[in-house]
Amino acid sequence: ERVLTVSEDNRGHLARIHRVDPARVRVVRIGVPDPGPVSPAGLRKQTGIGSSAFVLIAVGALEERKGHRHAIDALGLLPGDVHLFVAGSGEAREKLSARAAAAGVAGRVHFLGQRTDVSSLLADADCLVLSSELEATPYVIVEAMAAGLPVVASGIFGIPELVEEGVTGLLVPPGDPAAIARAIAALAADPAIRRRMGAAARRRYEERFTLERFVAETVAVYRELLDATKGGDA
């Protein structure tokens with residue numbers, strides 16, 4: 001009777017591909033708990049890269065659709081003090097390691113494996129990078145917003161509904177390492193922009209992506225359906 005989805009983009013997908021009646025679709029954007037004050041994971045100290053290094057964090061399954069290879073290729077176009085930490089596990093791990101070696105950045109790509117302390121990882125980073133080729137609305141972008149972290153992400157599917165271009169982060173074409181590198185370089189070169197984007201991201205989280213808002217909007221859909229059922233409309 002009702003179909004919940006996480007983005008306007010996916011609303012269209014449901015109608016076009018799955019023939020769902022748009023009148024029955026309700027968009028409820030994802031929400032995440034407020035992480036509050038979080039202690040950094042200590043990635044710089046653990047890897048000995050120094051406090052001046054620019055730290056990128058990528059979080060997601062090591063699968064082709066996540067496009068981690070594009071972030072690795074972008075790293076090869078960036079200065080040696082830029083490091084990429086990758087949290088996640090999956091079948092593409094060996095291919096990604098080989099790609100980092102081929103790009104000459106094996107010492108700057110740090111595979112962290114499966115992690116449950118994403119908030120602490122985000123607290124350690126200067127920027128989240130998400131170079132996916134296929135997504136709906138990535139949970140980790142909302143987590144980064146809650147952490148006050150700017151984002152460089154592929155401008156595909158529901159991602160532009162999360163990241164406000166030039167305000168909370170930078171959107172790039174999918175599969176374009178050069179564009180990813182340019183966006184990262186722009187943020188690395190200007191701490192003031194990073195701080196401004198991070199603060200804007202946090203405000204956007206508080207306004208649109210809290211867990212409380214998500215729960216309230218989900219409950220509202222159930223109430224709508226119950227009311228319609230009582231009235232004989234559903």
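Please refer to the structure higher up on the page.
Summary of the structure given here. Predicted, not measured: the structure shown is a model, and the values here were computed from it.

## Here's the deal with the side chain of H83
Stage number 1. In this structure, H83 sits in strand β4 (residues 82–87).
Stage number 2. The exposure class of H83 is buried, given its relative accessible area of 8%.
Stage number 3. At 2.9 Å, the side chain of H83 forms a polar contact with the side chain of H110.
Stage number 4. With residues up to four places along the chain from it excluded, the contact list for H83 reads I49, A53, F54, V55, L56, L75, G107, R108 and H110.

## Observations concerning the environment of V32
Stage number 1. Its location among the elements puts V32 in the loop between β2 (25–27) and α2 (43–47).
Stage number 2. On a C-alpha basis, the gap between V32 and R213 in space is 9.5 Å, while along the polypeptide they are 181 residues apart.
Stage number 3. Residues contacting V32, with those up to four places away along its chain left out, are Y139, V142, E143, A146, Y205, F209, T210 and L211.

## As for the nonpolar core
Stage number 1. Judged by nonpolar contacts, the single largest core of 34 residues is most densely connected at I57, L128 and I141.
Stage number 2. At six residues, helix α6 (residues 139–146) tops the list of elements feeding residues into this core.
Stage number 3. Residue contacts for I141: discarding those within four places in its chain leaves L128, L130, V151, A153, I159, L162 and V163.
Stage number 4. Membership of the second largest hydrophobic core comes to 30 residues, among which are A74, V109, V172 and I180.

## Regarding the environment of T116
Stage number 1. Checked against the element boundaries, T116 lands in the loop between β5 (109–113) and α5 (118–124).
Stage number 2. Judged by its relative accessible area of 83%, T116 falls in the exposed class.

## Here's the deal with the packing of helix α3 (residues 68–75) against helix α7 (residues 177–188)
Stage number 1. The interhelical angle for the contact between α3 and α7, taken along N-to-C directions, is 60 degrees, at an axis separation of 8 Å. Regarding α3 and α7, the two cross each other, and that crossing is right-handed. Where α3 abuts α7, its residues H70, A71, D73 and A74 lie against P177, I180 and A181.
Stage number 2. Its residues assigned to classes, the contact of α3 with α7 comprises five nonpolar, one polar and one charged.

## What about the pairing of strand β7 (residues 151–154)?
Stage number 1. Both faces of β7 are covered, namely the face carrying V151 and A153 and the face carrying V152 and S154.
Stage number 2. Each parallel crossover has a hand, and the one from strand β6 (residues 127–130) via α6 to β7 is right-handed.
Stage number 3. In this structure, β7 lies alongside strand β8 (residues 169–172), joined through four bridges in parallel fashion. Counted as the bridge partner of V152 is L170 from β8.

## Some details on the pattern of salt bridges
Stage number 1. Enumeration over the complete set of coordinates arrives at 16 salt bridges.
Stage number 2. The partner of E133 in a salt bridge is R69, and the shortest N-O contact between them spans 2.6 Å. Highlighted residues: E133 in the loop between β6 and α6 and R69 in helix α3, separated in sequence by 64 residues.
Stage number 3. Given a relative accessible area of 32%, E133 falls into the partly exposed group.
Stage number 4. Exposure remark for R69: the relative accessible area of 16% places this residue in the buried category.

Here is what the cut-offs are and how they apply
Residues numbered from 1 in each chain as written. Predicted model: local features only at pLDDT ≥ 70, side-chain atom pairs only at ≥ 80, totals over all residues. Heavy atoms only, no water. Helix = DSSP H or I, 4+ residues; strand = E, 2+ residues; numbered from the N terminus. Buried < 20%, exposed > 50% of the residue type's maximum accessible area, 1.4 Å probe, protein only. Polar contact = N/O pair within 3.5 Å; in protein donor to acceptor, adjacent residues only side chain to side chain. Contact = heavy atoms within 4.5 Å. Core = buried A, V, L, I, M, F, W, Y, C linked by side-chain atoms within 4.5 Å. Axes fitted to C-alpha atoms, helices over the stretch in contact; angles between N-to-C directions. Left-handed = near helix turned anticlockwise from the far one by under 90°. Nonpolar A, V, L, I, M, F, W, Y, C, P; charged D, E, K, R; others polar. Right-handed = clockwise from strand over helix to strand, strands pointing away. Pairing = 2+ DSSP bridges. Salt bridge = Lys/Arg side-chain N within 4 Å of Asp/Glu carboxyl O.

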